[in-house]
Amino acid sequence: MADATQDFSQFDISKEEIDKLVAKVCAIPAHVITAAKEKLSNAFGYDLRELLRYRPSSATQRHSTQQTDVAKAKS
């Protein structure tokens, strides 16, 4: 692994070339997701959508736990 203090001036690459490479690498996940959406749609008629996670607030969790405890006590 390269040490952070090493001199990489021997490599002849411009900042613009590095920027292009980084942009290309960063675009790969978006391309994969787009291709997956298309294949799901064509094969099964499904749309790929992002689902949001629902996290109940801590007050809701406490209320739910209390109701469970009451139900257990009644039985």
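Coordinates for the structure precede this section.
Reading the values: rules and limits
- Throughout, residues of each chain are indexed from 1 in the direction in which the sequence is written.
- In keeping with the model being predicted, local features are shown solely for residues with a pLDDT of at least 70 and side-chain atom pairs are shown and tallied solely at 80 or more, while totals for entire chains, interfaces and linings include all residues.
- Based on all heavy atoms of the structure, the side-chain values leave hydrogens and waters out of the count.
- Helix and strand definitions here come from DSSP, where helices need a minimum of 4 consecutive H or I residues and strands a minimum of 2 consecutive E residues; each element is numbered from the N-terminal end.
- Exposure is judged per residue with a 1.4 Å probe applied to protein chains only, and the accessible area is read against the type maximum: over 50% gives exposed, under 20% gives buried, and values in between give partly exposed.
- Here the accessible surface of atoms and residues is derived via Shrake-Rupley with a 1.4 Å probe, and residues count as covered only by protein chains that are part of the display.
- To estimate the expected span of a helix, subtract one from its residue number and multiply by 1.5 Å.
- To obtain the bend at a residue, axes are fitted to the seven residues ending there and to the seven starting there, and the angle between these axes is taken.

J.: Tell me what's going on with the overall build of the protein chain, and back it up with residues and numbers.
T.: The helix and strand inventory of the protein chain stands at two helices and zero strands. Across the 75 residues in the protein chain, those meeting the buried criterion constitute 0%. Looking at the protein chain as shown, the accessible area adds up to about 7700 Å², and 58% of this sits on carbon and sulfur atoms.

J.: Just give me the short version of helix H1 (residues 15-44), but keep the residues and values in it.
T.: Taking 1.5 Å of rise per residue, 30 residues should cover 44 Å, and H1 covers 44 Å from first to last C-alpha, within 8% of that figure. The largest bend in H1 is about 30°, located at Ile28, with the proline Pro29 one to four residues further on. Positive phi shows up at Gly45, right after H1, with a value of about 80°.

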